[in-house]
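So you can see what is in the structure, the chains are spelled out below.
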Amino acid sequence: MRHQNILVIGGTGFLGGHLVAALGADGRAISVPTRRREGGKRLLLLPTVDVVAADVNDDATLTRLVADRDAVINLVGILHGDQGTPYGKAFGAAHVELPRRIVAACREAGVRRLLHMSALGADADGPSMYLRSKAAGEAVVEQADAPSDGRAPLAVTVFRPSVVFGRDDRFLNLFATMQRWLPIMPLAKAGARFQPVAVGDVARAFVAALDDDESFGRTYELAGPRVYTMAELVRLAGTYRAGGHGRARPIVPLPDVLGRLQAAFLEFAPGPTLMSRDNFDSMRTDNVATGVFPGLADLGIAATPLEQEAAVYLAGKSRRSHLDHLRHDAHP
């Protein structure tokens, strides 16, 4: 079955913009709810995309949004939240309760297809609230695979990406910017391991799985072709900045005691949160594919090397508009 009419919750974010563009390029009709319609204005020029001012945390609104859709995609995720056991209120609302309510709305409306974004390393016993809440959200949507009250089960696919990189990411771009101004880079968890995946590859994975019966009830680990330490990624970001002629700053690995203090300072510093104690805790688990679950190759996608794209966008070589980048990534 071709799922033609898609609701993308969380579609105005970094990944959401690329996924919505890829779905539109595939001829799908997409609806993207957002609390403030201007927050999705960059999507308005994409054909077949409807940006709707709506609060998905209101049950009646969510039920109305889901009605008459062929499929629902949930991309909602947060990186910072209040403290709690096993996770704080904000993590619970975004990663657990919203998926629970999406499942209920899908059942009520008779929607039979749900794609859900989780995270690599999601684990009910994980070291961070982020990873524990992501695992709880997975459990909620996976239970929807079972029939309920005589209704047919939802066909659910779960995606676990590693850290996602791309032109507007808040990961490599952050490290590149910091190295413009700092003479050295004091670095917590310098040896933590990551397997970064390109945002365009993640978007293509969603599109490839959408109509694929083989993906129903499966979890996919989305990771790039190479594993890096945090220190290696920071060096790459520093080298690629400023037209590719930047110089990586000296890295000073911090012991865990100092690294956690640094995370606490950044968590409570004025302005946007650059890092939190929970982020530090997440890095206690390597963010790499386990091989237990299928990955990009099983969806027919060749993973994009980080160097192939990061060297371009961190250097600022391209002047194309953001919309042009979305269209570029919409086509393999």
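Notes on the structure follow. (Residues numbered from 1 in each chain as written. Predicted model: local features only at pLDDT ≥ 70, side-chain atom pairs only at ≥ 80, totals over all residues. Heavy atoms only, no water.)

## Considering the environment of Ser118
Logical step 1: Its place among the elements puts Ser118 in the loop between strand S5 (113–117) and helix H4 (129–143).
Logical step 2: Sequence-wise, Ser118 and Ser282 are 164 residues apart; in three dimensions their C-alpha atoms are separated by 14 Å.
Logical step 3: In this view, Ser118 contacts Lys134, Glu138, Val158, Phe159, Arg160 and Pro161; residues no more than four positions away in its chain are not counted. (Helix = DSSP H or I, 4+ residues; strand = E, 2+ residues; numbered from the N terminus. Contact = heavy atoms within 4.5 Å.)

## Comments concerning the pattern of salt bridges
Here the idea is simple: oppositely charged side chains can pair when their charged atoms come close.
Logical step 1: On inspection of all chains with the given rule, the structure shows 13 salt bridges.
Logical step 2: Taking the shortest distance from any N to any O, the salt bridge between Asp211 and Arg28 comes out at 2.8 Å. Placement of Asp211 in the loop between helix H6 (199–210) and strand S11 (219–222) and of Arg28 in the loop between helix H1 (14–25) and strand S2 (29–34) is noted, with a sequence separation of 183 residues between them. (Salt bridge = Lys/Arg side-chain N within 4 Å of Asp/Glu carboxyl O.)

## Section: the environment of Pro253
Logical step 1: Considering the arrangement of structural elements, one finds Pro253 in strand S13 (residues 251–253).
Logical step 2: The residues contacting Pro253, other than those within four sequence positions of it, are Leu187 and Ala190.

## Brief notes about the sheet that holds S2
Logical step 1: Ordered by their spatial adjacency, seven strands build an open sheet running S3-S2-S1-S4-S5-S6-S11, and the pairing between neighbours is parallel. Of all the strands in the sheet, the pair left with one neighbour each is strand S3 (49–53) and S11. Ignoring which end each strand starts from, the neighbouring axes of this sheet average 20° apart.
Logical step 2: Of the strand pairs in this sheet, S5 and strand S6 (residues 155–161) are connected by five bridges, and their pairing is parallel. Residue pairing across strands places Met117 opposite Phe159, the latter belonging to S6.
Logical step 3: Lying over the sheet, H6 contacts strand S1 (5–9), strand S4 (71–74), S5, S6 and S11, oriented at roughly 160° with respect to S5. (Pairing = 2+ DSSP bridges. Axes fitted to C-alpha atoms, helices over the stretch in contact; angles between N-to-C directions.)

## Concerning helix H8 (residues 256–268)
Logical step 1: With 13 residues, H8 extends 18 Å between its outermost C-alpha atoms, agreeing within 8% with the 18 Å of an ideal straight helix rising 1.5 Å per residue.
Logical step 2: Of all the residues in H8, the buried ones are Gly259, Ala263, Ala264 and Glu267. For H8, the arc enclosing every buried residue in end-on projection is 140°, short of the 170-degree limit, so these residues lie on one face. Away from its buried face, by an angle of more than 90 degrees, H8 presents the exposed residues Val257, Leu261, Phe265 and Phe268.
Logical step 3: The elements touched by buried residues of H8 are helix H9 (277–282). (Expected span 1.5 Å × (residues − 1). Buried < 20%, exposed > 50% of the residue type's maximum accessible area, 1.4 Å probe, protein only. Arc of directions from axis to C-beta.)

## Overview of the pairing of S4
Consecutive side chains of a regular strand alternate in pointing toward one face of the sheet and then the other.
Logical step 1: Side-chain alternation along S4 places Ala71 and Ile73 on one buried face and Val72 and Asn74 on a second face that is also buried.
Logical step 2: Relative to S4, S1 runs parallel, the two sharing four bridges. Counted as the bridge partner of Ile6 is Ala71 from S4.
Logical step 3: Regarding the hand of the β-α-β motif, the stretch spanning S4, helix H3 (residues 89–109) and S5 is right-handed. (Right-handed = clockwise from strand over helix to strand, strands pointing away.)

## Focus: the side chain of Ser215
Logical step 1: Mapped onto the elements of the fold, Ser215 is located in the loop between H6 and S11.
Logical step 2: Those residues within four positions of Ser215 in sequence are excluded, and the remaining contacts are Arg113, Val156, Thr157, Ala209 and Tyr220.

## Here we look at the packing of H1 against H6
Logical step 1: Put simply, H1 and H6 touch, their axes get as near as 9 Å, and they point 50° apart. Classified by the interaxial angle, the pair formed by H1 and H6 is oblique. The element H1 and its partner H6 pack so that their crossing is right-handed. Counted together, Phe14, Leu15, His18, Leu19, Ala22 and Leu23 of H1 and Val199, Val202, Ala203, Phe206, Val207 and Leu210 of H6 form the full contact between these two elements.
Logical step 2: In terms of residue class, the contact of H1 with H6 is made up of eleven nonpolar, one polar and no charged. (Parallel < 35°, antiparallel > 145°, perpendicular 65-115°, else oblique. Left-handed = near helix turned anticlockwise from the far one by under 90°. Nonpolar A, V, L, I, M, F, W, Y, C, P; charged D, E, K, R; others polar.)

## Remarks on the packing of aromatic side chains
Logical step 1: Per the counting criterion, the structure on display carries five aromatic pairs.
Logical step 2: Here the aromatic rings of Phe159 and Phe206 are separated by 4.0 Å at their centres, their planes lie at 25°, and the arrangement is stacked. One end of the pair, Phe159, is in strand S6; the other, Phe206, is in helix H6, with 47 residues separating them in the sequence. Like Phe206, Phe159 is buried.
Logical step 3: For the ring pair Phe159 and Tyr220, a centre distance of 5.9 Å and an interplane angle of 20° mean the geometry is stacked. On the criterion of sequence distance, the pair formed by Phe159 in strand S6 and Tyr220 in strand S11 is long-range, its members being 61 residues apart.
Logical step 4: What makes Phe159 buried here is its relative accessible area of 0%. (Phe/Tyr/Trp six-rings, centres within 6.5 Å; stacked < 30°, edge-to-face > 60°.)

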